[in-house]
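Given next are the chains, with one letter for each unit.
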Amino acid sequence: ASNIMWGGRFAGGPAKVMEKINASIDYDKRFYAQDIRGSIAHATMLADRGVLTREDLTAITDGLNTILREIGEGRFEFSAALEDIHMNVEARLRELIGDAAGRLHTARSRNDQVATDFRLWLRDAIDRLDGMLADFQRALLAQAEAHAETAMPGFTHLQVAQPVTFGHHMMAYLEMTARDRDRFAETRRRLNECPLGAAALAGTSFPIDREATAAALGFDRPTANSLDSVSDRDFALDYLHAASVCAMHLSRLAEELVIWSSAQFGFVKMSDAFSTGSSIMPQKRNPDAAELVRAKIGRITGSYVALTTVMKGLPMTYGKDMQEDKEAVFDAADTIELSVTAMTGMIADMSPDAGAMGRAAAQGFATATDFADWLVQNLDMPFREAHHATGAAVRMAEAKGCDLGDLSLEELRSIAPGVSEAVFEALTVERAVHGRNSYGGTAPAQVRAQIERWKEKLA
Ligand code: ARG
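Residues numbered from 1 in each chain as written. Predicted model: local features only at pLDDT ≥ 70, side-chain atom pairs only at ≥ 80, totals over all residues. Heavy atoms only, no water.

*Asks:* Break down the UniProt feature "domain: Fumarate lyase N-terminal" (unreviewed entry) in the protein chain for me, citing the residues and quoting the values.
*Replies:* Those places that UniProt annotates as "domain: Fumarate lyase N-terminal" (unreviewed entry) correspond, in this numbering, to residues 8–302. Between the end C-alpha atoms of residues 8–302 there is a gap of 41 Å, over a span that is 60% helix and 6% strand. (UniProt positions renumbered as here; feature names shortened; annotations may be inferred. Helix = DSSP H or I, 4+ residues; strand = E, 2+ residues; numbered from the N terminus.)

*Asks:* For the side chain of Gln 450, give the residues involved together with the corresponding values.
*Replies:* Relative to the helices and strands, Gln 450 is located in helix 19 (residues 444–458). Other than its neighbours up to four places away in sequence, Gln 450 contacts Met 171, Glu 175 and Tyr 439. (Contact = heavy atoms within 4.5 Å.)

*Asks:* I'd like to hear about the site of the ligand, residue by residue, with values.
*Replies:* Contacts to the ligand come from Ser 24, Asp 28, Asp 84, His 86, Arg 110, Asn 111, Val 114, Tyr 318, Lys 320, Gln 323 and Lys 326. A distance of 3.3 Å separates a nitrogen atom of the ligand from a polar side-chain atom of Ser 24. A distance of 2.8 Å separates a nitrogen atom of the ligand from a polar atom in the side chain of Gln 323. Among the residues making up the shell around the ligand, the classes are represented as 2 nonpolar, 4 polar and 5 charged. (Near = heavy atom within 4 Å. Polar contact = N/O pair within 3.5 Å; in protein donor to acceptor, adjacent residues only side chain to side chain. Nonpolar A, V, L, I, M, F, W, Y, C, P; charged D, E, K, R; others polar.)

*Asks:* Any details on the nonpolar core? Residues and values, ideally.
*Replies:* Within the largest apolar cluster, 89 residues are counted, with the highest numbers of intra-cluster contacts made by Tyr 239 and Met 343. A total of 16 residues in this core trace back to one element, the largest contributor, which is helix 10 (residues 234–260). Apart from the residues within four sequence positions on either side, Tyr 239 is in contact with Leu 122, Ile 126, Leu 129, Phe 184, Thr 187, Val 329, Ala 333 and Ile 336. Counting residues in each nonpolar core, the second largest holds 23 residues, with Phe 365, Ala 386, Val 423 and Phe 424 among its members. (Core = buried A, V, L, I, M, F, W, Y, C linked by side-chain atoms within 4.5 Å. Buried < 20%, exposed > 50% of the residue type's maximum accessible area, 1.4 Å probe, protein only.)

*Asks:* Describe the packing of helix 6 (residues 110–146) against helix 10, naming the residues involved and giving the relevant values.
*Replies:* In a pair of packed helices, the angle between the axes and the distance between the axes together describe the arrangement. The interhelical angle for the contact between helix 6 and helix 10, taken along N-to-C directions, is 20°, at an axis separation of 11 Å. Viewed along their axes, helix 6 and helix 10 adopt a mutual orientation that is roughly parallel. Where helix 6 crosses over helix 10, the two elements pack in a sense that is left-handed. In this structure, helix 6 contributes Ala 115, Phe 118, Arg 119, Leu 122, Ile 126, Leu 129, Leu 133, Phe 136 and Leu 140 to the contact, and helix 10 contributes Phe 235, Ala 236, Tyr 239, Cys 246, Leu 250 and Leu 253. Looking at the contact of helix 6 with helix 10 residue by residue, the classes come out as 14 nonpolar, no polar and 1 charged. (Axes fitted to C-alpha atoms, helices over the stretch in contact; angles between N-to-C directions. Parallel < 35°, antiparallel > 145°, perpendicular 65-115°, else oblique. Left-handed = near helix turned anticlockwise from the far one by under 90°.)

*Asks:* I'd like to hear about the packing of aromatic side chains, residue by residue, with values.
*Replies:* Counted under the stated rule, the structure contains 9 aromatic pairs. Consider the rings of Phe 31 and Phe 118, whose centres lie 5.5 Å apart with planes at 50°: the pair is tilted. Within this pair, whereas Phe 31 is found in the loop between helix 2 (25–28) and helix 3 (32–48), its partner Phe 118 is found in helix 6, the two being separated by 87 residues in sequence. Each member of the pair, Phe 31 as well as Phe 118, is classed as buried. Considering the side-chain rings of Phe 118 and Phe 235, the 5.5 Å spacing of their centres and the 80° angle between planes classify their relative orientation as edge-to-face. One end of the pair, Phe 118, is in helix 6; the other, Phe 235, is in helix 10, and 117 residues separate them in sequence. Residues Phe 118 and Phe 235 agree in their burial class; the two are buried. The ring of Phe 330 has Arg 30 lying over it, and the distance from NZ or CZ to the ring centre is 4.7 Å. Over the aromatic face of Phe 219 sits the side chain of Arg 123, whose NZ or CZ is 4.9 Å from the ring centroid. (Phe/Tyr/Trp six-rings, centres within 6.5 Å; stacked < 30°, edge-to-face > 60°. Lys NZ or Arg CZ within 6 Å of the ring centre and 35° of its normal.)

*Asks:* Got a sec to walk through the pattern of salt bridges? Specific residues and values, please.
*Replies:* The tally for this structure, following the rule as stated, stands at 32 salt bridges. We note a salt bridge from Arg 92 to Glu 70, for which the minimum N-O separation is 2.7 Å. Linking Arg 92 in helix 5 (residues 85–97) with Glu 70 in helix 4 (residues 54–72), this pair joins segments that are 22 residues apart in sequence. We classify Glu 70 as buried; its relative accessible area is 7%. A salt bridge links Glu 452 to Lys 455, with the nearest nitrogen and oxygen atoms 4.0 Å apart. (Salt bridge = Lys/Arg side-chain N within 4 Å of Asp/Glu carboxyl O.)

*Asks:* Give a description of empty space enclosed by the protein that names residues and reports values.
*Replies:* Under the definition given, this model contains 2 cavities of 30 Å³ or more. Reported here for the largest cavity is a volume of approximately 50 Å³. Along the walls of the largest cavity sit Phe 136, Tyr 173, Met 176, Thr 177, Asp 180, Cys 246, His 249, Leu 250 and Leu 253, which together make up its complete lining. If you list the elements that add at least two residues to the lining of the largest cavity, you get helix 7 (166–191) and helix 10. (1 Å grid on protein atoms, 1.4 Å probe; cavity = no way out; pocket = protein on both sides within 12 Å on 5 of 7 lines; lining within 4 Å. Points joined across faces, edges and corners; volume = space filled by probe spheres on them.)

*Asks:* Give me the lowdown on unusual backbone geometry, citing residues and values where you can.
*Replies:* Omega for the peptide link from Met 316 to Thr 317 comes to 0°, which places this bond in the cis form. With a phi angle near 65°, Glu 83 is a residue other than glycine that sits in the positive phi range. Its location among the elements puts Glu 83 in the loop between helix 4 and helix 5. Even without a glycine there, the phi angle at Ala 199 is positive, about 55°. Relative to the assigned elements, Ala 199 resides in the loop between strand 3 (193–194) and helix 8 (210–216). For Ala 199, a relative accessible area of 8% corresponds to the buried category.

Right, here's the structure in full:
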């Protein structure tokens with residue numbers, strides 16, 4: 001049988017495989033609430049402009065609300081023959097209210113419908129995710145507060161660099177997450193224009209009021225160019241980019257959890273709730289959740305690449321290629337939400353081992369820079385010379401198999417003659433950490449100031 005929406009032009013129906021490749025209902029049914037909301041706004045505007053009668057508007061609105069309930073309660077039968085959510089809803093509306101259903105599609109097209117639904121859906125997804133990211137920040141903040149004084153080795157190249165605090169380290173991720181939230185907020189701000197009324201591509205000769213539908217749907221304004229309205233998916237790419245960067249940050253923290261929870265580091269113990277055992281090795285506690293969060297960026301960035309590639313080279317305006325936009329975004333949204341939630345749980349639940357971190361902070365010549373700084377500050381040595389002398393001291397300690405602070409005063413004087421007993425104080429982890437009191441530095445006073453600032457922001 002030919003299609004009920006455009007059957008007038010066709011004598012025969014589609015091939016089975018045509019229906020299969022063409023239908024998007026399996027995934028775009030996730031737009032049902034947005035689609036119905038958009039239709040009600042459109043019908044209301046048409047009635048206000050005298051294009052629809054009040055009776056038709058009432059029938060359409062009641063029918064759409066019935067469909068909203070049917071779908072919400074799982075009582076709706078989706079049909080692949082009806083391709084997508086837009087036509088599934090309209091066909092059901094016709095069953096419910098008869099011919100008036102056919103008037104709803106005046107002055108609009110599925111092209112502006114799908115662009116509108118997608119923006120509405122992403123807006124909700126971004127708002128939901130923002131709440132999750134704020135919760136994640138709160139979990140980081142709680143660990144930072146508990147460990148504002150806990151020393152750990154700070155790394156560059158994963159080689160011991162200088163002592164920092166675990167709280168400072170947690171707060172670094174909190175700052176990254178703040179920028180992630182900002183990227184999503186920026187995406188939301190940019191996408192919040194209403195394409196409805198662009199019709200298929202060129203606008204319409206009906207006396208529609210695009211300002212009214214935009215306002216009814218919570219958009220800041222209608223889109224300015226009807227061709228652009230139906231043909232771009234840059235807003236979805238913005239979201240996928242923001243999600244990729246966010247997933248990249250989570251992946252780095254996940255990797256740190258994997259390293260930290262290994263026996264060789266022992267900096268944190270992951271909770272039972274986020275660990276798994278081995279079916280053969282009884283001693284195992286594997287950080288599976290962290291490993292999965294480390295991996296999830298693959299599919300999110302994959303979605304970004306997939307959709308940019310779909311959009312590349314498409315001539316204006318709408319092409320069916322663009323139907324491939326939704327699965328990429330849905331999968332990325334599900335994945336980032338799952339990742340953030342799992343990471344929040346892991347951070348909230350983990351037990352940092354202050355003793356193990358403190359011991360590690362005192363190893364690996366972590367305070368070598370402090371020795372060089374002492375030579376500059378107390379002997380007025382140029383930093384480059386101090387750096388050289390410190391290098392020699394490290395080499396000597398390494399040869400003896402001890403740490404810098406274990407060398408005798410005599411040994412240190414053989415390298416830098418003016419050195420006094422006071423230098424040993426400068427070589428302690430405590431002093432190294434507390435001394436770095438520059439704005440944004442690792443000194444507990446600085447970290448606590450940042451914690452206070454964020455507590456207010458996240459309250
Ligand atoms: N299901 C379609 C999509 O997701 C809706 C728009 C279809 N428009 C069209 N002219 N075939 O892109």
